[in-house]
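What the coordinates show
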Amino acid sequence: MTDGPVMRVCERLEEANYERVSGRFKVASVTFDFPAVFTGRKERGSDLVVVVDSDDKEAIGERGVRTRQRLEALTMALDVADWRVVVTAILVGPPIPSETVDEMTRSCRVLTVSKATLDGADGAPSLDDRLRVLLPLDARLGEDALVADPLGQLERHMDGTPDARLAEQLFAASLRGEDEVRRVLARAIEAATAPGLASA
């Protein structure tokens, strides 16, 4: 078993505030043994994350079948024990055949972390990209981030034009709803056409 890649994934999960529990644990009188198991905290409290070393041929089994069976047994045992958790399996190392991975996804969420990802190879997704669904959302905006402000852009374009006052009234009315916009527009049209009607 190769500890390096698995340890790197474990360290990243710990950084993301997951709590490591013993890889060997019992659910509904059935004992399960994985390289690492994590539970979420706070808003991630319903997460159960199982880390699998796909380089361990004995544990993985032919074409990953043994791991698929263990994951299916785990999710069934959790159902029997009435544990309300979301199970995620992280397959770390050499790829398992895609048809086996597809079968695994019927019982749990499956993430894969390849050697290329861990080595930072060109074109390979980063570790955070592979684990994104488990990581906290970073909503911070960088200094160069573009924030859409369509009303602000319209106001800047209208500034200094003959219709700037009307645009300002329509923007204000839009905050109060569609009917208010119609009323402002109707008053503006009446005001614009009234002199023409009077002179006719």
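Read on for an overview of the structure. As the structure is a computational prediction, the values presented were derived from the model and not from experiment.

Some words on the pattern of salt bridges
The final tally for this structure, using the stated rule, is 13 salt bridges. The residue D128 makes a salt bridge to R12 at a minimum N-O spacing of 2.6 Å. Taken together, the positions of D128 in helix α6 (residues 127-130) and R12 in helix α1 (residues 3-15) put the pair 116 residues apart, joining distant regions of the chain. Note that R44 is salt-bridged to D47, the shortest N-O span being 3.7 Å.

Some thoughts on the side chain of S54
Relative to the helices and strands, S54 is located in the loop between β5 (47-53) and α2 (57-60). Those residues within four positions of S54 in sequence are excluded, and the remaining contacts are I60, V92, G93, P94 and I96.

Here we look at the packing of aromatic side chains
Within this structure, the stated rule accounts for one aromatic pair. Relative to F32, the ring of F25 lies with its centre 6.1 Å away and its plane at 35°, an arrangement referred to as tilted. The pair formed by F25 and F32 is uniform in burial state, with each residue classed as buried. Over the ring of F34 we find R70, and its NZ or CZ is 4.4 Å from the ring centre.

Thoughts on the pairing of strand β6 (residues 86-92)
The buried fraction of β6 amounts to six of the seven residues, a majority that puts the element mostly inside the structure. Across seven bridges, the pairing between β5 and β6 is parallel. Note that in β6 the partner of V50 across the bridge is A89. Chirality of the crossover, the property in question, places the unit of β6, helix α4 (residues 98-104) and strand β7 (residues 109-113) among those that are right-handed.

Criteria and thresholds
Every chain is numbered independently, its residues counted from 1 as its sequence is written. Only residues with pLDDT of 70 or above have their local features reported here, since the model is predicted, and side-chain atom pairs are shown and tallied only from 80 upward, although totals for entire chains, interfaces and linings are computed over all residues. Heavy atoms throughout the structure, all of them, feed into the side-chain values; hydrogens and water do not. Any carboxyl oxygen of Asp or Glu within 4 Å of a side-chain nitrogen of Lys or Arg constitutes a salt bridge here. Runs of E in the DSSP output that reach at least two residues are strands. Runs of H or I that reach at least four are helices, and both are numbered from the N terminus. Note on contacts: a residue pair qualifies if any of its non-hydrogen atoms lie within 4.5 Å across the two residues. For Phe, Tyr and Trp, where Trp contributes only its six-membered ring, two rings pair if their centres lie within 6.5 Å, and the inter-plane angle classes them as stacked under 30 degrees, edge-to-face over 60, or tilted in between. Residue burial is assigned from relative accessible area. The probe radius is 1.4 Å, only protein chains are included, and a residue is buried under 20% of its type maximum, exposed over 50%, and partly exposed in between. Comment: the charge-over-ring label is applied if NZ (Lys) or CZ (Arg) is within 6 Å of the ring centre and within 35 degrees of the ring normal. Whether two strands pair depends on DSSP finding at least two bridges between them. If you view a crossover with the strands going away from you and the path from the first strand over the helix to the second runs clockwise, you call it right-handed.

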